[in-house]
Structures are given as C-alpha cells and as structure tokens.
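Chain and residue survey
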Amino acid sequence: MSERNPDYLVILEEVLLAARQNGIEAGFGAGETDRGRAFAYHDVLSVAIEQAQLLGVPLSDIGLADFDPDREVLHVKVKQRAA
C-alpha cells in the first residue's frame, strides 16, 4: 500500500466544494431534475460530514465548516424550541 498522499486531500476538498456549490444551485431549481440533483448532493455532503465527525476531521479541513446540507441544499427549516 502506498503512503498517504496530501494531494488526495486537495482532491477531496475540491470535490466537496464543487458538490456544495452545485448542491446549493440545484436546491434553488424548480424542476424535478433539479430536486433530484439536490437530494443526491445532499446525500454526498451529509455522508462526508458524518464521516469527518466520526474520524475527528475538522470540517474546515474539507471546506464544510458551518455548512448544513439540510438547510442550504434542501432548504429545510428547523423549528426553534420554545425556551
């Protein structure tokens, strides 16, 4: 097996940044194709965030700090709890 290559991290970050941008754009689309694309990007980004959190990788290292796929791709509004 080869040693870890930091170039892979650059590739991963670029792929996730593209998924983030394309997901946001698809989320604003009106057609069924746009909606399907938004769900696909949401799934990819959600898995990346979940795995990063499980492995202790800072989300800022993969370009997803302060990014919520539910809110920013699917436009899901979370109800605030009453105090």
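As shown above, the structure is provided for reference.
The paragraphs below set out a description of the structure included in this document.

We now examine the overall build of the protein chain. Along the backbone of the protein chain there are three helices and zero strands. Considering the protein chain as a whole, with its 83 residues, one finds that 25% of them fall into the buried category. Across the protein chain, every contact between residues at least 6 apart in sequence was considered, and the portion connecting residues at least 24 apart equals 57%. Counting every atom, the protein chain has about 6,400 Å² of accessible surface; 56% of that belongs to carbon and sulfur.

Residue placement: Val57 occurs in the loop between helix 2 (32-55) and helix 3 (69-72). When near neighbours in sequence (up to four residues on either side) are disregarded, Val57 contacts Ala52 and Ile62.

Okay, the packing of helix 1 (residues 6-27) against helix 2 next. It is at 8 Å that the axes of helix 1 and helix 2 come closest, and there the two elements cross at 145 degrees. Helix 2 is crossed by helix 1, and the crossing has left-handed handedness. Along its contact with helix 1, which presents Leu16, Ala19, Arg20, Asn22, Gly23, Ala26 and Gly27, the element helix 2 presents Asp34, Arg37, Ala38, Tyr41, Leu45 and Ala48. Classifying every residue of the contact of helix 1 with helix 2 by side-chain character gives seven nonpolar, three polar and three charged.

The next subject is the nonpolar core. One finds Leu16, Leu45, Leu59, Ile62, Leu64, Phe67 and Val73 to be the most contacted residues of the largest nonpolar core, which totals 15 residues. Looking at this core, the elements that each hand over two or more residues are helix 1 and helix 2. No other element matches the five residues that helix 2 contributes to this core. What Leu59 contacts, discounting residues up to four positions off in sequence, is Ile49, Ala52, Gln53, Leu64 and Ala65.

Cut-offs used in this document
Think of each chain on its own: its residues are numbered from 1, step by step along the sequence as written. Given that this is a predicted model, residues contribute local features only at a pLDDT of at least 70 and side-chain atom pairs are listed and counted only at 80 or more, while totals for whole chains, interfaces and linings are drawn from all residues. As a rule here, side-chain values cover all heavy atoms of the structure and leave hydrogens and water aside. To qualify as a helix, a DSSP run of H or I must reach at least 4 residues; to qualify as a strand, a run of E must reach at least 2; elements of each kind are numbered from the N terminus. The classification of residues rests on relative accessible area computed with a 1.4 Å probe and restricted to protein chains. Under 20% of the type maximum is buried, over 50% is exposed, and intermediate values are partly exposed. The contact criterion used throughout is that any non-hydrogen atoms of two residues lie within 4.5 Å. Here the open area of atoms and residues is found with the Shrake-Rupley method and a 1.4 Å probe, where only the protein chains shown may cover a residue. In this description, a line fitted to the C-alpha atoms serves as the axis of each element, helices being fitted only across the stretch in contact, and the angle between N-to-C directions of two axes falls anywhere from 0 to 180 degrees. Here is the rule for handedness: rotate from the far helix to the near one, and if that takes an anticlockwise turn smaller than a right angle the crossing is left-handed, while a clockwise turn gives right-handed. Under this grouping Gly is polar, as are all residues other than the nonpolar Ala, Val, Leu, Ile, Met, Phe, Trp, Tyr, Cys and Pro and the charged Asp, Glu, Lys and Arg. Residues grouped as a nonpolar core are buried Ala, Val, Leu, Ile, Met, Phe, Trp, Tyr and Cys residues, joined through side-chain atoms within 4.5 Å.

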